[in-house]
Amino acid sequence: AAAGKPPAKVKVDQRGQVTPLRELFAGLGRGLLIAFVIIALLLAANFQSVRLAGTVIAALPLVLTGVILGLLVTFSTLNIESYIGAIMAVGVAVANSILLITAAEQARLGGADSVSAARQAGQTRLRAILMTSFAMLAGMVPMALGWSEAGSQTAPLARAVMGGLLFGTVATLTFIPALYAWIMADVGRASHSVDPDDTQSTHYHKDHAVS
């Protein structure tokens with residue numbers, strides 16, 4: 001038999017937890033991808049702008065980078081617990097980004113330019129974003145230390161959350177406002193709605209609204 005290959009008519013099957021674990025991770029990956037697409041569509045429908053939806057989602061790569069670095073620094077492995085922690089960190093980061101972008105859009109539609117709107121949103125939402133992130137970080141510290149019984153099994157979840165939140169919070173307060181100011185610099189203030197009854201929309205039709 002050639003090197004690395006079993007002899008003829010010999011079949012090798014993997015047993016134990018390796019195969020179901022791989023199948024589980026594959027399923028989680030597909031589920032996460034589907035969730036990502038659904039979130040993008042919901043954001044685009046909510047903001048009625050693909051640009052704003054893309055700005056919110058732009059924080060996700062930085063959050064995942066923080067998750068990976070958090071696991072590497074603490075010598076933790078990527079497992080089910082840390083996978084759940086990554087999803088939790090992504091959820092908080094997206095919520096913070098939505099909070100910031102919503103405030104920025106309100107300021108821009110009120111007459112401010114995109115740079116001023118991003119600055120105002122960062123100033124008005126700074127406390128809310130920091131309180132949300134720091135509260136979750138503080139709550140994860142006991143779990144991340146792993147001092148409780150079987151704490152080593154749940155510690156990766158908290159460490160993934162903490163790493164992702166640290167990077168996500170910094171991204172929300174620095175990268176997201178800068179990206180928003182750049183992307184929305186040449187966008188008008190008319191509503192993106194296609195509703196003919198919306199007086200702020202370019203699709204507004206007076207006759208249709210009267211009827």
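Residues numbered from 1 in each chain as written. Predicted model: local features only at pLDDT ≥ 70, side-chain atom pairs only at ≥ 80, totals over all residues. Heavy atoms only, no water.

So, about the confidence of the model for the protein. This prediction gives the protein a mean pLDDT of 83; 85% of its residues lie at or above 70. Summarising per-element confidence for the protein, the mean pLDDT is lowest in helix α7 (residues 206–210) (54) and highest in helix α3 (residues 60–73) (91). (pLDDT = per-residue confidence, 0-100. Helix = DSSP H or I, 4+ residues; strand = E, 2+ residues; numbered from the N terminus.)

Further remarks concern unusual backbone geometry. The phi angle of most residues is negative, glycine excepted, and most peptide bonds adopt the trans form. A positive phi is found at Gln48, a non-glycine position, where the angle reads about 55°. Inspection of the secondary structure assignment puts Gln48 in the loop between α1 (18–47) and α2 (50–57). Under the relative-accessibility criterion, Gln48 is labelled partly exposed at 37%. With a phi angle near 55°, Phe75 is a residue other than glycine that sits in the positive phi range. Tracing the chain through its elements places Phe75 in the loop between α3 and α4 (80–109). (Buried < 20%, exposed > 50% of the residue type's maximum accessible area, 1.4 Å probe, protein only.)

Let's shift gears to the packing of α1 against α4. Here α1 crosses α4 at 10°, and the two axes come no closer than 12 Å. Comparing their axes, α4 and α1 come out roughly parallel. Contacts from Leu24, Phe25, Leu28, Gly29, Leu32, Leu43 and Phe47 in α1 reach Ile80, Tyr83, Ile87, Ile98, Ile101 and Thr102 in α4. When the residues that make up the contact of α1 with α4 are grouped by side-chain class, the tally is 11 nonpolar, 2 polar and no charged. (Axes fitted to C-alpha atoms, helices over the stretch in contact; angles between N-to-C directions. Parallel < 35°, antiparallel > 145°, perpendicular 65-115°, else oblique. Contact = heavy atoms within 4.5 Å. Nonpolar A, V, L, I, M, F, W, Y, C, P; charged D, E, K, R; others polar.)

This next bit is on a nonpolar patch on the surface. Judged by side-chain polarity, Ile68, Leu69, Leu72, Leu166 and Phe167 come together as a nonpolar surface patch covering roughly 470 Å² of accessible area. Among the secondary structure elements, those contributing two or more residues to the nonpolar patch are α3 and α6 (151–183). Counting residues per element, the nonpolar patch draws most heavily on α3, which supplies 3 residues. Positionally, Leu72 belongs in helix α3. On the basis of relative accessibility, which here comes to 57%, the residue Leu72 falls in the exposed class. (Patch = residues over 30% accessible without salt bridge, like charges linked within 9 Å, V, L, I, M, F, W, Y side chains within 5 Å. Areas by Shrake-Rupley, 256 points an atom, 1.4 Å probe, with all protein chains shown as cover. Salt bridge = Lys/Arg side-chain N within 4 Å of Asp/Glu carboxyl O.)

Next up on the list: the side chain of Arg108. Mapped onto the elements, Arg108 comes out in helix α4. Of the residues examined, Arg108 reaches a relative accessible area of 2% and is grouped as buried. Within the structure, the side chain of Arg108 is placed 3.4 Å from the side chain of Tyr180, a separation counted as a polar contact. (Polar contact = N/O pair within 3.5 Å; in protein donor to acceptor, adjacent residues only side chain to side chain.)

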